[in-house]
Amino acid sequence: MTGAAQQWAHGGMSIGSVLDLLRPDFPDITISKIRFLEAEGLIRPERTPSGYRRFSAADCERLRFVLTAQRDQYLPLKVIKEQLEAIDSGAATLGVREARARARTARPDAGQDMADEGAARPRPPRRLAVQPGRIAADEFEFDHEIRVTRADLLEQAGIDEKFLTDLVRANLITPGPAGFFDADAVTLATTAKAMAEFGLEARHLRAFKLAADREAALVAQIAAPIAKSRDAGARARAEETVRELAALSLTLHASLVKASVRNSLGG
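Attention here is on the structure that accompanies the text. Small disclaimer: the values here were computed from a predicted structure and weren't measured.

1. Points about the packing of helix H8 (residues 150–157) against helix H10 (residues 183–196)
Here is step 1 of the chain: In the contact formed by H8 and H10, the axes pass within 9 Å of each other and the chain directions differ by 45°. The angle between H8 and H10 places the two elements in the oblique class. Note on packing geometry: the crossing formed by H8 with H10 is right-handed. Across the interface between the two elements, Leu153, Gln156 and Ala157 of H8 pack against Ala185, Val186, Ala189, Thr190 and Lys193 of H10.
Here is step 2 of the chain: Here the contact of H8 with H10 is built from residues that sort into 5 nonpolar, 2 polar and 1 charged.

2. A few points about the nonpolar core
Here is step 1 of the chain: The biggest cluster of nonpolar side chains holds 23 residues, and the ones touching the most others in it are Val18, Ile34, Phe55, Leu63 and Ile80.
Here is step 2 of the chain: At the level of elements, helix H2 (15–22), helix H3 (31–39), helix H4 (57–73) and helix H5 (77–89) are the ones that each hand at least two residues to this core.
Here is step 3 of the chain: Looking at this core, the element that brings in the most residues is H4, giving 6 residues.
Here is step 4 of the chain: Setting aside residues up to four positions removed in sequence, Val18 forms contacts with Met13, Ile34, Phe55, Cys60 and Leu63.
Here is step 5 of the chain: Membership of the second largest hydrophobic core comes to 18 residues, among which are Phe163, Ile173, Ala202 and Leu205.

3. What about a nonpolar patch on the surface?
Here is step 1 of the chain: Where nonpolar side chains cluster on the molecular surface, the patch consists of Val257, Val261 and Leu265 and spans about 280 Å² of accessible area.
Here is step 2 of the chain: You can see Leu265 is positioned in the segment after helix H12 (234–264).
Here is step 3 of the chain: Here Leu265 falls in the exposed class, since its relative accessible area comes to 69%.

4. Topic: unusual backbone geometry
Here is step 1 of the chain: Although it is not a glycine, Asn171 sits at a positive phi angle of roughly 65°.
Here is step 2 of the chain: Here Asn171 lies in the loop between helix H9 (161–169) and H10.

Here is what the cut-offs are and how they apply
- Residues numbered from 1 in each chain as written.
- Predicted model: local features only at pLDDT ≥ 70, side-chain atom pairs only at ≥ 80, totals over all residues.
- Heavy atoms only, no water.
- Axes fitted to C-alpha atoms, helices over the stretch in contact; angles between N-to-C directions.
- Helix = DSSP H or I, 4+ residues; strand = E, 2+ residues; numbered from the N terminus.
- Parallel < 35°, antiparallel > 145°, perpendicular 65-115°, else oblique.
- Left-handed = near helix turned anticlockwise from the far one by under 90°.
- Contact = heavy atoms within 4.5 Å.
- Nonpolar A, V, L, I, M, F, W, Y, C, P; charged D, E, K, R; others polar.
- Core = buried A, V, L, I, M, F, W, Y, C linked by side-chain atoms within 4.5 Å.
- Buried < 20%, exposed > 50% of the residue type's maximum accessible area, 1.4 Å probe, protein only.
- Patch = residues over 30% accessible without salt bridge, like charges linked within 9 Å, V, L, I, M, F, W, Y side chains within 5 Å.
- Areas by Shrake-Rupley, 256 points an atom, 1.4 Å probe, with all protein chains shown as cover.
- Salt bridge = Lys/Arg side-chain N within 4 Å of Asp/Glu carboxyl O.

So, to be careful, I would describe these as geometric facts and stop short of saying anything about function.
Here's what the structure looks like:
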C-alpha cells in the first residue's frame, strides 16, 4: 500500500497530504483553493472531534475531477457542481473501466500500481476533453511578489528607453508606486515590440487598452456584489469569478477578432 492508501485506511488524509498528492498534476493547487472548493460545497471532508479535516479517497477523487474540469475544459464551478450532483444521484458515472484504461495509457506502470493497492486506490476521474483556443482561468493568477526593474524590463523585452516611455505615456504599461513593473509588463512590451514591426506604434495600441478596460470594468461590475457579501469566503469567490469571467471574455474577444479578420479578407 502507498502512503496515501495507508492514511485512507487509518481515518483519512490531512489537507497537507492531499496537497502533496495533487500537486504533481496540479502545481498551482493551494490549501486556500481546497478550502474554497469546500466552502462552495464541491467537497465535503469529514472533521475530527478537534475540527481537523480528514479527506477520504472519494474526496480526493472529487477534488481531482473538479481541478481537471477547470484546467482542461474550463467549466464554471456551477456546472462542475451540477455534474458532481448528477454523479452523486446516480444519473452519471465516472466510468471505472474507462478511467483505468486512460490511466494505463498515460502511465505504463499504472496497472501494476492498481493491482498492488486494490480497493484502497481511489478511482481516477474521466479526463475531460480540452477545447482548443480556450483561455484557462489560471492565466489570471497574479503573483504580487514579482517585481521587475526598469532596466530588467528593457533587457528582457529587448526594447529601448524611448519605446518603453511611449508605452508608459500611452498608458499601456504602468509602473507601481516604487517604480517597479510586474511580470505581465514584460509580455506586454515584447508583444508591442512585435506589433511595431508591422508599423503599429504605441499610440495605435491604445484602442486595445480601451477595449481591455471596458471588458475589465464589466467583469468587476459582476464580481463586486459577491466581494461585498458578508458570507465566509466571499472574497475568494469574487476572485474566482473574476478569473473565470476574464478568461471567458478573453476567449470571446479572440474568437470575435478572428471571425472579423476572416470576414474582412473575404474568407
